[in-house]
Amino acid sequence: MWSWLLHRITGVILAFGLVYHFFMMHFIQPEAYSYEAVIQRLSEPSWKVFNIVFLLSALYHGFYGLNGLVTEYVKNNSLKRFLKIMVFIIPLGLAFFGFKIVFL
């Protein structure tokens, strides 16, 4: 029950985050694509929080959906077990590198 609810909540976070990101990058600050502008933006704590929340929401939402596909459509039990392990491990690795990029 909670995983289903979290999947819906992360979907809403992603929708609003995408609109906010698109609005800020394309209408408010169109010159924000330079290296210096990106570094400046990533040094602000509010953008770090936004990027981390967006990253975690995207990883959970995407891999929870992928887990549902594996559960429903993969019939071979050993392949299903392997894929479920990968669906757990891969987002951890991606989250590690995402945190590394945002905080370093």
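Predicted model, so just to flag it, every value in this text is computed and none were measured.

**Focus: the overall build of the protein chain**
So, step 1. Broken down by element type, the protein chain carries four helices and zero strands.
So, step 2. Along the protein chain, helices and strands appear, N-terminal first, in the series α-α-α-α.
So, step 3. Relative to the compact-globule value of 13 Å for 104 residues, the protein chain shows a C-alpha radius of gyration of 17 Å, a clear excess of over 25%.
So, step 4. The principal-axis extent of the C-alpha atoms belonging to the protein chain is close to 50 × 25 × 20 Å.
So, step 5. Taken across its 104 residues, the protein chain has 20% of its residues classed as buried.
So, step 6. Intrachain contacts of the protein chain at a sequence separation of at least 6 include 66% that bridge at least 24 residues.
So, step 7. When the accessible surface of the protein chain is totalled, it reaches about 7,600 Å², and 76% of it is carbon and sulfur.
So, step 8. Distance between charge centroids for the protein chain: 21 Å, based on 8 positive and 4 negative side chains.

**So, the UniProt feature "transmembrane region" (unreviewed entry) in the protein chain**
So, step 1. With numbering aligned to this structure, UniProt lists the feature "transmembrane region" (unreviewed entry) at residues 12-29, 49-70 and 82-103.
So, step 2. The annotated region residues 49-70 carries 100% helix and 0% strand content, and the separation between its end C-alpha atoms amounts to 31 Å.
So, step 3. Overall, residues 82-103 shows 100% helix and 0% strand. The separation of its end C-alpha atoms is 32 Å.

**So, the side chain of His-7**
So, step 1. Looking at the secondary structure, you find His-7 in helix H1 (residues 2-28).
So, step 2. The class for His-7 is buried, based on a relative accessible area of 13%.
So, step 3. In this structure the side chain of His-7 is engaged in a polar contact, spanning 2.8 Å, whose partner is the side chain of Arg-8.
So, step 4. Those residues in contact with His-7, other than ones at most four positions away along the chain, are Tyr-60, His-61, Tyr-64 and Gly-65.

**Considering the packing of aromatic side chains**
So, step 1. Tallied over the entire structure, the rule returns seven aromatic pairs.
So, step 2. Taken together, Tyr-20, Trp-47, Phe-50 and Phe-54 form an aromatic cluster joined through their ring pairs.
So, step 3. A cation over a ring is seen here: Arg-41 above Trp-47, with NZ or CZ 5.6 Å from the ring centre.

**Considering a nonpolar patch on the surface**
So, step 1. A contiguous nonpolar surface patch, about 370 Å² in accessible area, is contributed by Leu-6, Ile-9, Ile-13, Val-49 and Val-53.
So, step 2. Among the secondary structure elements, those contributing two or more residues to the nonpolar patch are H1 and helix H3 (45-73).
So, step 3. Sort the elements by how many residues they give to the nonpolar patch and H1 lands first, with three residues.
So, step 4. Mapping Val-53 onto the fold places it in helix H3.
So, step 5. Overall, Val-53 belongs to the partly exposed group, its relative accessible area being 37%.

Rules used in this analysis
Residues numbered from 1 in each chain as written. Predicted model: local features only at pLDDT ≥ 70, side-chain atom pairs only at ≥ 80, totals over all residues. Heavy atoms only, no water. Helix = DSSP H or I, 4+ residues; strand = E, 2+ residues; numbered from the N terminus. Rg over C-alpha atoms; globule rule 2.2 N^0.38 Å. Buried < 20%, exposed > 50% of the residue type's maximum accessible area, 1.4 Å probe, protein only. Contact = heavy atoms within 4.5 Å. Areas by Shrake-Rupley, 256 points an atom, 1.4 Å probe, with all protein chains shown as cover. Lys, Arg positive; Asp, Glu negative; His and termini not counted. Charge placed at Lys NZ, Arg CZ, Asp CG, Glu CD. UniProt positions renumbered as here; feature names shortened; annotations may be inferred. Polar contact = N/O pair within 3.5 Å; in protein donor to acceptor, adjacent residues only side chain to side chain. Phe/Tyr/Trp six-rings, centres within 6.5 Å; stacked < 30°, edge-to-face > 60°. Lys NZ or Arg CZ within 6 Å of the ring centre and 35° of its normal. Patch = residues over 30% accessible without salt bridge, like charges linked within 9 Å, V, L, I, M, F, W, Y side chains within 5 Å. Salt bridge = Lys/Arg side-chain N within 4 Å of Asp/Glu carboxyl O.

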